[in-house]
Amino acid sequence: MPSKKALVRRPSPRLAEGLVTHIEREKVDVELAVEQWEAYVAALSAHGWETIEVEPADDCPDSVFVEDTVVMYKNVALITRPGAEARRPETAGVEEAVAALGCSVNWIWEPGTLDGGDVLKVGDTIYVGRGGRTNPAGVQQLRAAFEPLGARVVAVPVSKVLHLKSAVTALPDGTVIGHIPKVDRPALFPRFLSVPEESGAHVVLLGGSTLLMAASAPRTAELLTDLGFEVVTVDIGEFEKLEGCVTCLSVRMRELYA
Ligand SMILES: NC(=O)NCCC[C@H](N)C(=O)O
């Protein structure tokens, strides 16, 4: 039976110092961010996910964006080497957490860099964004880690946003969704649906036809509801100021053997 465990990591008190690359810096209210994070975790729990808190990394402003530090495929946890040097100390605590869950652990090594936000799994196809955070050696190492396990790794260019999953994610039926102005090459995806808002491109699959989305994309929520999905929304406005989205606040683990 598939597991429904999700790693999350409490925001650092230094969250407001998090990196911004493609947007203007705005003041972050850390107290409000903590409330939003708690509501996000509660939404996962309410839909049957057992949330596991990785030891907080208070000195790492971006540590709440736990998705960037590990990529899961089957029972293997690939610990990343984040493209932003300032984020590299985040991985140690995540490695401990996945090892404790019984995962096989593998690593991206220098000179490779890879952020989990650049990795989109659609069945056994793993799209990887080659952009500001993930380099060619990171792509090669991802292939070497997961292709022997049955995955097909497809590299796609990312130049307009921080990560591949800032541009596109996938619905439960495998349709890739994205806001066209932010997607480099929509034609690379076999089935692509354009959505009206940038943050509408981000969905977390909660199970069945239920999707978790940011409250900032009401028109996309309407579109997806009309297509027969159940949409659950959370306000993650403080994280959006740091280029975060719903996907990056957790790592869902569906195929643990432990
Ligand atoms: N996977 C993600 O979308 N991660 C968001 C990371 C945001 C953080 N401020 C960063 O620039 O690394």
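Residues numbered from 1 in each chain as written. Predicted model: local features only at pLDDT ≥ 70, side-chain atom pairs only at ≥ 80, totals over all residues. Heavy atoms only, no water.

Per an unreviewed UniProt entry, the chain carries the name N(G),N(G)-dimethylarginine dimethylaminohydrolase and comes from Streptomyces actuosus. Under Sequence similarities (unreviewed entry), UniProt gives the following word-for-word description of the chain: "Belongs to the DDAH family." (UniProt positions renumbered as here; feature names shortened; annotations may be inferred.)

With that settled, consider the packing of aromatic side chains. Under the counting rule described, the total for this entry stands at 5 aromatic pairs. Pairing Phe65 with Phe239 gives two aromatic rings, centres 6.2 Å apart and planes at 90°, and the pair type is edge-to-face. Separated by 174 residues along the polypeptide, Phe65 in the loop between strand E2 (50-53) and strand E3 (70-73) and Phe239 in helix H6 (residues 237-240) bring together distant segments of the chain. Like Phe65, the residue Phe239 is buried in the burial classification. Relative to Trp109, the ring of Trp107 lies with its centre 5.9 Å away and its plane at 45°, an arrangement referred to as tilted. Since its relative accessible area comes to 32%, Trp107 is described here as partly exposed. The exposure class assigned to Trp109 is exposed, which follows from its relative accessible area of 55%. (Phe/Tyr/Trp six-rings, centres within 6.5 Å; stacked < 30°, edge-to-face > 60°. Helix = DSSP H or I, 4+ residues; strand = E, 2+ residues; numbered from the N terminus. Buried < 20%, exposed > 50% of the residue type's maximum accessible area, 1.4 Å probe, protein only.)

Once that is clear, we can look at the side chain of Lys241. Inspection of the secondary structure puts Lys241 in the loop between H6 and strand E15 (251-253). Setting aside anything within four residues of it in sequence, one finds Lys241 in contact with Val20, Ile23, Glu26, Lys27 and Val28. (Contact = heavy atoms within 4.5 Å.)

Further remarks concern the state of the cysteines. Counted by the stated rule, this structure contains 0 disulfides. Sulfur of Cys60: no disulfide; nearest cysteine sulfur belongs to Cys248 and is 15 Å away. (Disulfide = S-S within 2.5 Å.)

In this structure, Tyr40, Leu44, Leu212, Ile236, Phe239 and Leu249 are the most contacted members of the largest nonpolar core, which totals 26 residues. If you list the elements that add at least two residues to this core, you get strand E1 (5-8), helix H1 (30-46), strand E12 (204-207), strand E13 (210-214) and strand E14 (230-234). Top element by residues in this core is H1. It accounts for 6 residues. Apart from the residues lying within four places of it in its own chain, the contact partners of Tyr40 are Val204, Leu212, Val234, Ile236, Val246, Thr247, Leu249, Ser250 and Arg252. Among the nonpolar cores identified, the runner-up in size contains 16 residues, and Leu7, Val98, Leu101 and Cys103 belong to it. (Core = buried A, V, L, I, M, F, W, Y, C linked by side-chain atoms within 4.5 Å.)

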